[in-house]
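# Close look at the chain arrangement
Chain residues, written in single-letter form:
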Amino acid sequence: MDLDSKRSFHINQQDFYEETLGMDSAFGRNFLCDFVPYPLPPIGKVDSGILTLTGLQTSSSSRISLPESFSWPVKTCNLKRCMLETRVPLEGTDAELVLLNFHLEAYDSGEGKIAQSKMLAEKLEEEYAARTFFLCSG
């Protein structure tokens, strides 16, 4: 979801969808770069991330950083992969619905995908052990 990016004509898409759909949202930034030089023509400025929209009342939302697999200078123009965790209390119970929205690595040689998948699996095991309900989107 772009907040202020050349590729989407600097339209704040989070605001647009919140207003259009009448929903609340949680946002986790994963890409902030003043100028992305590739591909040609250059992408230019990018300010974007992952967005969870819901009509449910949430209790909390947090961005969880995922391991990076690129080094400088490539990492300066790459996404900072993350999971966006949003918690929804289930009325009349002590239980929660945990929404996990994530964007795992797609372009490395494999080490980032493995580390990020392992971290996601650990998070799912943790939530399962806590007996929460969860939905994942990636």
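Everything below is about the structure printed above this text.
Reading the values: rules and limits
Residues numbered from 1 in each chain as written. Predicted model: local features only at pLDDT ≥ 70, side-chain atom pairs only at ≥ 80, totals over all residues. Heavy atoms only, no water. Helix = DSSP H or I, 4+ residues; strand = E, 2+ residues; numbered from the N terminus. Buried < 20%, exposed > 50% of the residue type's maximum accessible area, 1.4 Å probe, protein only. Contact = heavy atoms within 4.5 Å. Areas by Shrake-Rupley, 256 points an atom, 1.4 Å probe, with all protein chains shown as cover. Lys, Arg positive; Asp, Glu negative; His and termini not counted. Charge placed at Lys NZ, Arg CZ, Asp CG, Glu CD. Pairing = 2+ DSSP bridges. Axes fitted to C-alpha atoms, helices over the stretch in contact; angles between N-to-C directions. Phe/Tyr/Trp six-rings, centres within 6.5 Å; stacked < 30°, edge-to-face > 60°.

### Observations regarding the overall build of the protein chain
Across its full length, the protein chain holds two helices and six strands. Counting from the amino terminus, helix and strand elements in the protein chain follow one another as α-β-β-β-β-β-α-β. Structurally, the protein chain occupies a C-alpha span of about 55 × 40 × 15 Å along its principal axes. Of all 138 residues assigned to the protein chain, the portion counted as buried reaches 35%. By sequence separation, contacts in the protein chain at least 24 residues apart represent 58% of the contacts at least 6 residues apart. For the protein chain, the computed accessible surface area is about 8400 Å², with 58% contributed by carbon and sulfur atoms. For the protein chain, the distance from the average site of its 13 positive side-chain charges to the average site of its 20 negative ones is 7 Å.

### Observations concerning the sheet that holds strand β6 (residues 133-137)
Spatially, four strands are ordered β3-β4-β5-β6 in an open sheet, and the strand pairing comes out mixed. In this open sheet, the two edge strands, each paired with only one partner strand, are β3 (60-65) and β6. Strand after strand, the sheet turns through a mean of 20° between neighbouring axes, direction not considered. Taken together, the seven bridges between strand β4 (residues 82-89) and strand β5 (residues 96-102) define a ladder with antiparallel strand orientation. Bridging from a neighbouring strand, Glu85 pairs with Leu100 of β5. Sheet strands touched by helix α2 (residues 111-129): β3, β4, β5 and β6. Its angle to β4, the strand with the most contacts, is close to 15°.

### Considerations on unusual backbone geometry
Between Leu40 and the following residue, Pro41, the backbone shows a cis peptide bond with an omega angle of -5°. With respect to the helices and strands, Pro41 occurs in the loop between β1 (24-36) and β2 (44-54). Of note, the phi angle at Phe9 is positive, near 60°, even though the residue is not glycine. Examined against the element boundaries, Phe9 turns out to sit in the segment before α1 (13-21). Despite not being glycine, His10 has its phi angle at roughly 60°, a positive value. Here His10 is to be found in the segment before α1. Given a relative accessible area of 44%, His10 falls into the partly exposed group.

### Side note on the packing of aromatic side chains
A complete count under the given rule lists one aromatic pair for this structure. Ring plane angle 80° and centroid distance 5.2 Å describe the contact between Phe16 and Tyr17, whose orientation is recorded as edge-to-face. Classification of Phe16 by relative accessible area gives partly exposed; the value is 44%.

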